[in-house]
Amino acid sequence: EDAGSSLPKNDEILAMQSRHGGDRLAPGEALEISGDMLIPSSGVEGTFTLLTTGPGQFRSASAFGPFGDSVVAVNGQYGAEVSDFYPHRRFENTELQMARLGNAIVGDWPEVFDTLEVTGESEVDGLKTIKIEAMAEGVDQPFTLHVDPATGNLRKADIWTFVPNLGPYPMEMFVDEPVAF
């Protein structure tokens, strides 16, 4: 039997994911997602906590130990960052797009990405996951989403973040179970 035939279809994964995204919160609800991050090219590790109250609204705090901390806030078409790495700054154009894409872990993926394709299986911390390649308009690099097939929850995301004077930079996010409240 072809291993690809046993993989869930895109619409099956998206139906599960849509039950957990920030876009599906009821009025007055919030969603917290946390986990670990790795910048593969440098080996720098950190943690993150992301809080959302609805579509396009989130605050993400990242801590990289002795390397510093960063807080990013996005509210629709506006975004800003306060960090130890750069002067306080507002996001525009590519930076805003990359901030929104990098935090797609809480969004409605079909609204964020132009293409989503189930491409295979992967393993994250001993858990078998479904691998989805995601592309967004204006971004040359694919995002790879590793999804728990039983729950639709994201377990890992291979993303690109925007670094001033360097451009897009790869990062791995290992995602804990979301907490709705």
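The structure this text deals with has already been given above.
Sequence positions are assigned chain by chain, starting from 1 and proceeding in written order. Reporting of local features is limited, given that this is a predicted model, to residues whose pLDDT is at least 70; pairs of side-chain atoms are given and counted only at 80 or more, and all residues count toward the totals for whole chains, interfaces and linings. The basis for every side-chain value is the complete set of heavy atoms in the structure, and neither hydrogens nor water enter the calculation.

1. Structural notes on the pattern of salt bridges
The line we're drawing: The term salt bridge refers to a side-chain nitrogen of Lys or Arg lying within 4 Å of a carboxyl oxygen of Asp or Glu. For every residue, the accessible area obtained with a 1.4 Å probe (protein chains only) is divided by the maximum for its type, and the residue is called buried under 20%, exposed over 50%, and partly exposed between those limits.
Applying the stated criterion across every chain, the model contains six salt bridges. Salt-bridge contacts for Glu121 lead to Lys128; the nearest nitrogen and oxygen are separated by 3.3 Å. Classification of Glu121 as partly exposed rests on a relative accessible area of 41%. Using a relative accessible area of 46% as the deciding quantity, one classes Lys128 as partly exposed. The network of salt bridges with common partners includes Glu81, Arg89 and Glu95.

2. Points about the pairing of strand β5 (residues 78-83)
The side chains of a regular strand alternate between both faces of the sheet. Our working rule: Labels follow the DSSP assignment, with helices taken as runs of H or I lasting at least four residues and strands as runs of E lasting at least two, numbered in each case from the N terminus. Two strands pair under a simple rule: DSSP has to find at least two bridges between them.
Judged by which residues are buried, β5 turns out to be one-sided: Gly79, Glu81 and Ser83 face inward and are buried, whereas Tyr78, Ala80 and Val82, on the alternate face, are not. Pairing of strand β4 (residues 69-75) with β5 involves six bridges; the strand directions are antiparallel. Along β5, the bridge assignment pairs Ser70 with Ser83. With antiparallel pairing between neighbouring strands as the criterion, β4 and β5 make up a hairpin whose turn holds two residues, including Gly76 at a positive phi of roughly 65°. Bridge count between β5 and strand β6 (residues 89-91): three bridges; the pairing is antiparallel. Paired with Gly79 across the bridge in β6 is Phe91. In this structure, the hairpin formed by β5 and β6 is closed by a connection of five residues.

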